[in-house]
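Structural description and commentary
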Amino acid sequence: MLNPKPLPDVASQHSASHSLTLQWVGMEQIALPIRLDLADGRSLNLSAKADLYVSLDRPDVKGIHMSRLYLEMNRFLANQSLTHESLTQLLALMVESQQGISRNARITLSFDLLLQRDSLRSQQQGYQSYPAVINAERIDDQLKLELELTIPYSSTCPCSASLSRQLYSEAVDRQFSGDAIDKQALLQWIQSEAGSIATPHSQRSYAYLQLQLADGAFPDLSTLIDRIEEALGTPVQTAVKRSDEQDFARLNAENLMFCEDAARRVKTCLENQAQISDYWFKVEHQESLHAHNAVVIDQKFTTEN
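Below, the structure is looked at part by part. (Residues numbered from 1 in each chain as written. Predicted model: local features only at pLDDT ≥ 70, side-chain atom pairs only at ≥ 80, totals over all residues. Heavy atoms only, no water.)

Looking at the nonpolar core
One finds Leu77, Ile107, Phe111, Leu113, Leu209, Leu270 and Val283 to be the most contacted residues of the largest nonpolar core, which totals 67 residues. It is strand β2 (residues 43-56) that provides the largest number of residues to this core, a total of 7 residues. Sequence-distant contacts of Leu209, defined by excluding residues within four places in its chain, comprise Leu147, Glu148, Leu149, Ile151, Ile228, Val266, Leu270, Trp280 and Phe281. (Core = buried A, V, L, I, M, F, W, Y, C linked by side-chain atoms within 4.5 Å. Buried < 20%, exposed > 50% of the residue type's maximum accessible area, 1.4 Å probe, protein only. Helix = DSSP H or I, 4+ residues; strand = E, 2+ residues; numbered from the N terminus. Contact = heavy atoms within 4.5 Å.)

Right, dumping it as structure tokens:
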């Protein structure tokens, strides 16, 4: 059997035509199965997309060794539990795999976190999807870990609710003009179509979170989402029967919110999370009254002009 000829390696055997360093070089949208362990002992198998990068710090080198990045990712993350330790080790190996031409590494994992949700009243169950992104960077041997989450919720406008109550009050005054009101007649009128005077406008809303994690921290994502939904008070529902829909209407009435109210609830929740060292967030109320959205953007640390 003839010895095979060595395969050409253009990246290693040729020099760069322009001697310049490059900040990030790599691959994007790589299919990757991962596992996420939850605090309650369950593990979720997730389909993720991975972006892998290293810096090219040798200006004379033509290109990085991309296949090595891919193989290291598969070895340490494919079908493995996603942890702070596994990401730290992978970033170190990505740098080592480049044999001295790279000092820094970066990985981004995008996936939908699918969590089971109970109905409010009917004892049914369904699933809610939460888009999530994990960004991990190793720069000059310093690790930075960031988490992005999108959390939907419902918001009902306090101003619209107040205006609706005024119309309702006026309608009751017209319908029952005497000094005394017959209770049964009032209840019958309220439950009739004539009693539908006005409804406050509400809308699907979103909290977009970018969270920087404290050193060594890797929070349980399901617990973090639960805390933010509890702070907002009106998470969107999955399986819904009439009893659930009625209870959802009650929750919205108990949690009337401008976008400023929702933002303060989110901010208070984030401030109480020891595993989060910094954050940026936006709350977005996709208004049914307007063709435009109401938003609040805030962050933990601000720079004074």
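So, the pattern of salt bridges
All told, the structure shown has 16 salt bridges when counted by the stated rule. Through salt bridges with shared partners, a single network forms among Arg121, Asp247, Arg250 and Glu254. (Salt bridge = Lys/Arg side-chain N within 4 Å of Asp/Glu carboxyl O.)

A word on the layout of surface pockets
Taking a probe equal in size to a water molecule and rolling it over the atoms shows the remaining empty space. Space inside the largest pocket adds up to approximately 500 Å³. If you trace the largest pocket, you find 19 residues lining it, with Ala198, Thr199, Pro200, Ala249 and Ala253 closest to the centre. When residues of the lining of the largest pocket are traced back to their parent elements, those giving at least two are β5 (142-156), α4 (158-175) and α7 (242-254). Of the residues forming the lining of the largest pocket, the biggest block, 5 residues, is contributed by α7. When the residues that make up the lining of the largest pocket are grouped by side-chain class, the tally is 9 nonpolar, 8 polar and 2 charged. Size it by volume and the second largest pocket reaches roughly 230 Å³. In terms of lining, the second largest pocket is formed by Arg117, Asp118, Leu120, Asp226, Glu229, Glu230, Gly233, Pro235, Val236, Gln237 and Thr238. Looking at the lining of the second largest pocket, the elements with two or more residues in it are β3 (105-118) and α6 (221-232). In terms of residue class, the lining of the second largest pocket is built from 3 nonpolar, 3 polar and 5 charged. (1 Å grid on protein atoms, 1.4 Å probe; cavity = no way out; pocket = protein on both sides within 12 Å on 5 of 7 lines; lining within 4 Å. Points joined across faces, edges and corners; volume = space filled by probe spheres on them. Nonpolar A, V, L, I, M, F, W, Y, C, P; charged D, E, K, R; others polar.)

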